[in-house]
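Architecture at a glance
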Amino acid sequence: MTNRMECWRIALLSVIITLAVLIVLAFIIAVVQTGTAEVIKDSLIDEYCSSIPLTEARELEVCND
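Keep in mind the model is a prediction, meaning the values are calculated, not measured.

Quick notes on the overall build of the protein chain
- The helix and strand tally for the protein chain stands at four helices and zero strands.
- Along the chain direction, N to C, the helices and strands of the protein chain fall in the order α-α-α-α.
- In terms of overall dimensions, the protein chain is more spread out than a globule: its C-alpha atoms have a radius of gyration of 23 Å, far above the 11 Å expected for 65 residues.
- Based on the C-alpha atoms only, the size of the protein chain along its principal axes is roughly 70 × 25 × 15 Å.
- Accessible surface for the protein chain amounts to roughly 6,000 Å². Of this, 68% is attributable to carbon and sulfur atoms.
- The positive charge centre, built from 4 side chains, and the negative charge centre, built from 9, are 21 Å apart in the protein chain.

What follows is the structure, given as structure tokens:
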């Protein structure tokens, strides 16, 4: 009886973990496709470039775009 209960727990845990991974992947794909990742990247670049000295920022290609 205990072995059967343990098998159900393992199977249920496996299904839950699989669903969680699929949900996370779907969320990542949705964020990338909507362009949210691009907006966040641009925001981080702007913030970084404005936080370093101007002489260093001029030398970095990412800050010159």
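Topic: the environment of Thr-18
- Examined against the element boundaries, Thr-18 turns out to sit in helix α1 (residues 2-34).
- According to the relative accessible area criterion, Thr-18 is partly exposed, its value standing at 43%.
- At a separation of 2.8 Å, a polar atom in the side chain of Thr-18 contacts the main-chain carbonyl oxygen of Ser-14.

Remarks on the environment of Ala-26
- Residue placement: Ala-26 occurs in helix α1.
- Given the relative accessible area of 46%, Ala-26 is considered partly exposed.
- Ala-26 sits 28 residues away from Leu-54 along the chain, and the two C-alpha atoms are 40 Å apart.

The rules behind the values
Residues numbered from 1 in each chain as written. Predicted model: local features only at pLDDT ≥ 70, side-chain atom pairs only at ≥ 80, totals over all residues. Heavy atoms only, no water. Helix = DSSP H or I, 4+ residues; strand = E, 2+ residues; numbered from the N terminus. Rg over C-alpha atoms; globule rule 2.2 N^0.38 Å. Areas by Shrake-Rupley, 256 points an atom, 1.4 Å probe, with all protein chains shown as cover. Lys, Arg positive; Asp, Glu negative; His and termini not counted. Charge placed at Lys NZ, Arg CZ, Asp CG, Glu CD. Buried < 20%, exposed > 50% of the residue type's maximum accessible area, 1.4 Å probe, protein only. Polar contact = N/O pair within 3.5 Å; in protein donor to acceptor, adjacent residues only side chain to side chain.

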